[in-house]
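One letter stands for each residue in the lines below.
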Amino acid sequence: MIEFKLPSLGADMDEGKLLEWKIKPGDRVTRGQIVAVVDTSKAAVDIESWQEGTVHALLVQPEQTIAVGTVMALYTEAGEAAPPPQAPAPAQTLAQPTSAPAVPAAAPAPSPAPASSTTAAAATPALARTRISPAARQRAAELQIAIDTLGRGSGELGAITLADVERAAQSLSVSAPAMPAAKPAATPTRADERALQMRRTIAAALSRSKREIPHYYLSEPIPMRRTLDWLAAENAARPIARRLLLAAPLLKAVAVCLKSLPELNGWYRDDAFTPSAAIHVGVAISLRQGGLVAPALHDVPAQNLDQLMAALGDLIQRTRSGRLRSSELSDGTVTVTSLGEQGVQAVQGVIYPPQVALVGFGRVTEQAWAADGALMAMPVLTASLAADHRVSDGHRGARFLTLLRELLQQPERLSEPT
Amino acid sequence: MNQDQIRATVLSELSEIAPEIDTATLAPDRPLREQVDLDSFDWLRFLVALHERLKVEIPESDYARLGSVDQLVAYLAAKTA
């Protein structure tokens, strides 16, 4: 019997509420398959299975809050006979967290234990996937409108939007004015609570970072004329939907430079650093309702800029609409934050544990630049590095920024996979 | 399509990208990105949506002229005329 546990959702997310199962007993599950949707304080996350087998029992019910490491389901392995359906064992493992949630204010809700694994299974039929924005989900909950009564939404790919929920509430109140379902939201709202909860989870992860990681900080102004000219020429030849943003070559350049500096790419856990051969770049993405998520783009060096641009666009969209995959939240080996969009010149970042480095980009500004005995106007980008002194020294960190500056003088080298 | 229709299209596409804003409160002559939290990805998605709705080519070299709602409407009106 294989125990499928709620996987890590990143350093600052230690628990989640099961929203729905995507599997039911008897289904065959393959590696990487999305088996459940779990709501965290930041987003609804598609939980991927890292094991293979046939679903024997689902041990957690929708609306239950569980900690990372909780056994969610049992699979039988290939060739393994399923135990008799009345097997009592699963009920005993129900919602026993193997690690305590970091945020004590949000203890797991008491779980209505199913009498046996078969009743649990019967109570949780596989639901059709409903696309809905986090804001709409909250509003629907406030208004006590069942999401599955809303039908197809007006958003992208039929996603239910906040406006759809408000319209449904309107029509409910018109057709049945006495129904309590359409009462206005009480204050404080669930959105406020959620924002507070997200602030707490960010605080928990970054307090740990500042407490445990001896950060050092470096920064370097990078002349951007070559990269920007190359990008402008590239984009002039492209239809608008295929244009590249500066973010794509910057992420690619960071990943390429990290290939020769393994001490900046990986995880520090249990007093030891494990470098990562793969370079999965976490991208700090701000959410419209406030807060921050840094999901990972996988294998960045292997992607060309078109692939990277598409992957980044998809990641931002899904982050903001609340459809991330569990691997994206747990796989990042380094993080990039670009606060230049907000107009600041430079960033001194906080490392996202268990990672050991964070690269920050400010805004491109035109500056007086002296080179080769002449003074000229130059677009300049300040790149910064926050890195972990337990793993690397300033000398190696400086090497990273130097490599980055040099690579951005040869932008054509970024266009192909490496 | 007249200017009012173009303006309505611009505001409706903007609401799709930034659902939290009230387009009625935007100052149409002020830079949009000072009033609405749009990152470069949002901005690109917004222009792609306008391109698709209005069948207008918007070269990157023109972005600098598209700061406010009024500028966008004038630009798109000239292009669709």
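Data block above holds the structure.
Described below are features of the structure shown in this document. Keep in mind the model is a prediction, meaning the values are calculated, not measured.

How each quantity is defined
- Residues numbered from 1 in each chain as written.
- Chains lettered and ligands numbered in written order.
- Predicted model: local features only at pLDDT ≥ 70, side-chain atom pairs only at ≥ 80, totals over all residues.
- Heavy atoms only, no water.
- Helix = DSSP H or I, 4+ residues; strand = E, 2+ residues; numbered from the N terminus.
- Rg over C-alpha atoms; globule rule 2.2 N^0.38 Å.
- Buried < 20%, exposed > 50% of the residue type's maximum accessible area, 1.4 Å probe, protein only.
- Contact = heavy atoms within 4.5 Å.
- Areas by Shrake-Rupley, 256 points an atom, 1.4 Å probe, with all protein chains shown as cover.
- Buried area = accessible area lost by both parts, 1.4 Å probe.
- Salt bridge = Lys/Arg side-chain N within 4 Å of Asp/Glu carboxyl O.
- Polar contact = N/O pair within 3.5 Å; in protein donor to acceptor, adjacent residues only side chain to side chain.
- Nonpolar A, V, L, I, M, F, W, Y, C, P; charged D, E, K, R; others polar.
- Axes fitted to C-alpha atoms, helices over the stretch in contact; angles between N-to-C directions.
- Parallel < 35°, antiparallel > 145°, perpendicular 65-115°, else oblique.
- Pairing = 2+ DSSP bridges.
- Expected span 1.5 Å × (residues − 1).
- Core = buried A, V, L, I, M, F, W, Y, C linked by side-chain atoms within 4.5 Å.

Some remarks on the overall build of chain B
- Within chain B, the secondary structure is distributed over four helices and zero strands.
- Counting from the amino terminus, chain B carries its helices and strands in the arrangement α-α-α-α.
- Its C-alpha radius of gyration of 11 Å places chain B within 12% of the 12 Å reference for a compact globule of 81 residues.
- In terms of overall dimensions, chain B has C-alpha extents of about 30 × 25 × 20 Å along its principal axes.

Things to note about the overall build of chain A
- Within chain A, the regular secondary structure consists of 10 helices and 20 strands.
- In chain A, which comprises 418 residues, the proportion classed as buried is 50%.
- Long-range pairs, those at least 24 residues apart, make up 67% of the contacts in chain A with a sequence separation of at least 6.
- Taken as a whole, chain A presents about 18600 Å² of accessible surface, with 55% of it coming from carbon and sulfur.

With respect to the interface of chain A and chain B
- Taken residue by residue, the interface counts 18 residues in chain A and 20 residues in chain B.
- Together, the buried faces of chain A and chain B total about 1600 Å²; carbon and sulfur atoms form 50% of this surface.
- Summed over the three residues of chain A that lose the most area to chain B, namely A:Ile240, A:Arg243 and A:Arg288, the buried surface amounts to 43% of that side.
- Our count for the chain A to chain B interface comes out at two salt bridges.
- Close ionic contact of A:Arg320 with B:Asp39 constitutes a salt bridge, the shortest N to O distance being 3.0 Å.
- Across the chain A-chain B interface, the total number found is six residue pairs in polar contact (both at pLDDT 80 or more).
- Broken down by secondary-structure element, the contributors of at least two residues to the side of chain A that touches chain B are helix H6 (225-236) and helix H8 (305-321) of chain A.
- Residues belonging to the side of chain A that touches chain B are distributed by class as follows: nine nonpolar, four polar and five charged.

Details of the packing of H8(A) against helix H3 (residues 40-54) of chain B
- In the contact formed by H8(A) and H3(B), the axes pass within 11 Å of each other and the chain directions differ by 100 degrees. With respect to their mutual orientation, H8(A) and H3(B) come out roughly perpendicular. Listed contacts from H3(B) to A:Met309, A:Leu312, A:Gly313, A:Ile316, A:Gln317 and A:Arg320 of H8(A) are B:Phe41, B:Asp42, B:Leu44 and B:Arg45.
- Looking at the contact of H8(A) with H3(B) residue by residue, the classes come out as five nonpolar, two polar and three charged.

Points about the environment of B:Thr80
Residues and elements named next belong to chain B.
- Tracing the sequence through the fold places threonine 80 in helix H4 (residues 69-80).
- Among the residues examined, threonine 80 registers a relative accessible area of 31% and is labelled partly exposed.
- In this structure, the C-alpha to C-alpha distance between threonine 80 and alanine 24, residues 56 residues apart in sequence, is 24 Å.
- Beyond its immediate sequence surroundings of up to four residues, threonine 80 is in contact with Ile6, Leu54 and Val56.
- Within polar-contact distance, the side chain of threonine 80 engages the backbone oxygen of leucine 76 at 2.8 Å.

Details of the sheet that holds strand S5 (residues 44-48) of chain A
All names here are of chain A.
- If you walk across this open sheet you meet the five strands as S7-S2-S4-S5-S16, and the pairing is mixed. At either end of the open sheet lies a strand with only one pairing partner, and these are strand S7 (65-67) and strand S16 (324-325).
- Across three bridges, strand S2 (residues 15-21) lies against S7 in antiparallel orientation. In the strand pairing of S7, lysine 17 is matched with threonine 65.

Brief notes about the sheet that holds strand S8 (residues 71-76) of chain A
Residue and element names in this part refer to chain A.
- Sheet architecture is open: four strands sit in the order S1-S8-S6-S3, paired in antiparallel fashion. Only two strands of the sheet have a single partner each, and these edge strands are strand S1 (2-5) and strand S3 (28-29).
- Relative to strand S6 (residues 53-58), S3 runs antiparallel, the two sharing two bridges. Bridge assignment links valine 29 to a residue of S6, and that residue is glycine 53.

Side note on H4(B)
Residues and elements named next belong to chain B.
- Between its terminal C-alpha atoms H4 stretches 16 Å, which fits the 16 Å expected from 12 residues at 1.5 Å a residue.
- When we look at burial in H4, the residues that qualify are Val69, Leu72, Val73, Tyr75, Leu76 and Ala77.
- Looking at the buried residues of H4, the elements they touch are helix H1 (3-17), helix H2 (32-35) and H3.

Examining the nonpolar core
- Judged by nonpolar contacts, the single largest core of 104 residues is most densely connected at A:Met72, A:Phe400, A:Leu404, B:Phe46, B:Leu47 and B:Leu76.
- Per-element accounting of this core gives the leading share, nine residues, to helix H7 (residues 247-258) of chain A.
- Once residues lying within four places of it in the same chain are set aside, the contact partners of A:Leu404 are A:Ile222, A:Ala253, A:Val254, A:Cys257, A:Phe361 and A:Ala383.

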